[in-house]
Amino acid sequence: RANGVSPRRHIVGVAMTLTKTRTAPISHPEVPILDVLAERWSTRVFDASADVDEVALASALEAARWAPSARNTQPWRFIIARRGTSEFEAIHDALLGFNKSWTGAASAFVVTVAEVENPDGTPVLYGSYDSGQAAAHFTVQAHAGGLYTHQMGGFDRAAIATAFGLESRFVPQTVMAVGALGDVDAADEALQAREALPRDRRPLAESILVNA
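Given the structure is predicted, the values throughout are model-derived calculations rather than measurements.

1. Focus: the overall build of the protein
Part 1 of the reasoning: When helices and strands are counted, the protein shows 7 helices and 6 strands.
Part 2 of the reasoning: Secondary structure elements in the protein, listed N-terminal to C-terminal, are β-β-α-α-β-α-α-β-α-β-α-β-α.
Part 3 of the reasoning: With 212 residues in all, the protein has 38% of them scored as buried.
Part 4 of the reasoning: Contacts in the protein between residues far apart in sequence, at least 24 positions, make up 73% of those at least 6 positions apart.
Part 5 of the reasoning: Of the roughly 11800 Å² that the protein leaves accessible, carbon and sulfur atoms contribute 54%.

2. A few points about helix H2 (residues 54-65)
Part 1 of the reasoning: Its 12 residues give H2 an end-to-end C-alpha distance of 16 Å, which sits within 8% of 16 Å, the value for a rise of 1.5 Å per residue.
Part 2 of the reasoning: Restricting attention to buried positions, one finds in H2 the residues Ala 56, Leu 57, Ala 60, Ala 63 and Ala 64. For H2, the angular spread of the buried residues around the axis is 120°, confining them to a single face.
Part 3 of the reasoning: Packed against the buried residues of H2 are strand E3 (76-82), strand E4 (108-115) and helix H5 (127-144).

3. Remarks on helix H3 (residues 86-94)
Part 1 of the reasoning: All of the buried residues along H3 are Phe 88, Ile 91, His 92 and Ala 94. For H3, the angular spread of buried residues about the axis comes to 160°, placing them on one side. Of the exposed residues in H3, the ones pointing more than 90 degrees away from its buried face are Ser 86 and Asp 93.
Part 2 of the reasoning: Each element contacted by the buried residues of H3 is listed here: E3, helix H4 (99-102), E4, helix H6 (157-163) and strand E6 (170-179).

4. Topic: the side chain of Arg 199
Part 1 of the reasoning: If you trace the backbone, Arg 199 turns up in the segment after helix H7 (189-195).
Part 2 of the reasoning: No salt bridge is formed by the buried Arg 199; the nearest opposite charge belongs to Asp 200, separated by 8.6 Å.

5. Re the nonpolar core
Part 1 of the reasoning: Membership of the largest hydrophobic core comes to 26 residues, with the highest contact counts inside it found for Phe 46, Ile 91, Phe 109, Val 111, Ile 160, Val 175 and Ala 177.
Part 2 of the reasoning: For this core, the elements supplying multiple residues, two or more each, are E3, H3, E4, strand E5 (148-152) and E6.
Part 3 of the reasoning: Apart from residues lying up to four places away in sequence, Ile 160 is in contact with Ile 79, Ile 91, Ala 94, Val 111, Phe 155 and Pro 172.
Part 4 of the reasoning: Formed by 16 residues, the second largest nonpolar core is a distinct cluster that contains Leu 57, Trp 76, Ala 134 and Ala 135.

Calculation notes
- Residues numbered from 1 in each chain as written.
- Predicted model: local features only at pLDDT ≥ 70, side-chain atom pairs only at ≥ 80, totals over all residues.
- Heavy atoms only, no water.
- Helix = DSSP H or I, 4+ residues; strand = E, 2+ residues; numbered from the N terminus.
- Buried < 20%, exposed > 50% of the residue type's maximum accessible area, 1.4 Å probe, protein only.
- Contact = heavy atoms within 4.5 Å.
- Areas by Shrake-Rupley, 256 points an atom, 1.4 Å probe, with all protein chains shown as cover.
- Expected span 1.5 Å × (residues − 1).
- Arc of directions from axis to C-beta.
- Lys, Arg positive; Asp, Glu negative; His and termini not counted.
- Salt bridge = Lys/Arg side-chain N within 4 Å of Asp/Glu carboxyl O.
- Core = buried A, V, L, I, M, F, W, Y, C linked by side-chain atoms within 4.5 Å.

Here it is as structure tokens:
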């Protein structure tokens with residue numbers, strides 16, 4: 001979105017918004033959800049000329065800070081690296097496969113790290129789960145602030161831990177590319193094909209085991 005106007009593109013003659021809200025039903029009218037949830041999606045096309053919006057980034061991190069956690073343990077930690085820094089390059093080097101080919105255009109990386117063990121050696125039982133909640137809060141607030149995100153699991157966790165001197169009780173969970181939306185039409189064919197995939201989910205009923 002630029003100047004309040006949603007970018008548009010054409011795929012096989014059909015106009016689609018880059019928010020992908022028209023590629024598949026987001027929710028039934030009987031069960032509406034917040035617009036920011038319906039419109040959030042994970043892009044792989046970032047604007048390589050744009051620096052990260054620091055206000056929006058700070059707001060997203062603040063939203064993550066207020067995520068719920070078991071007994072308020074707040075097991076999440078974040079590594080933030082802006083494009084052009086050695087820290088950004090270290091994270092980029094740790095990415096695997098296709099992830100490495102498009103992430104260089106992101107304005108920043110945010111690594112979500114979970115505290116899975118207490119200093120006394122006892123486990124933090126919900127460390128990974130609660131860190132995931134914080135990451136989800138981050139993505140929703142980021143989208144509300146005009147930032148686009150894409151979380152990745154394809155990266156060398158040991159390399160991240162070594163590069164940033166993490167203790168063994170802190171485990172990298174995801175690397176998130178963050179930045180401004182780029183021009184899909186200027187992207188290579190592989191990226192355009194990925195971006196054209198519909199945003200969909202299985203029916204809600206298939207996710208519910210019991211609804212008594």
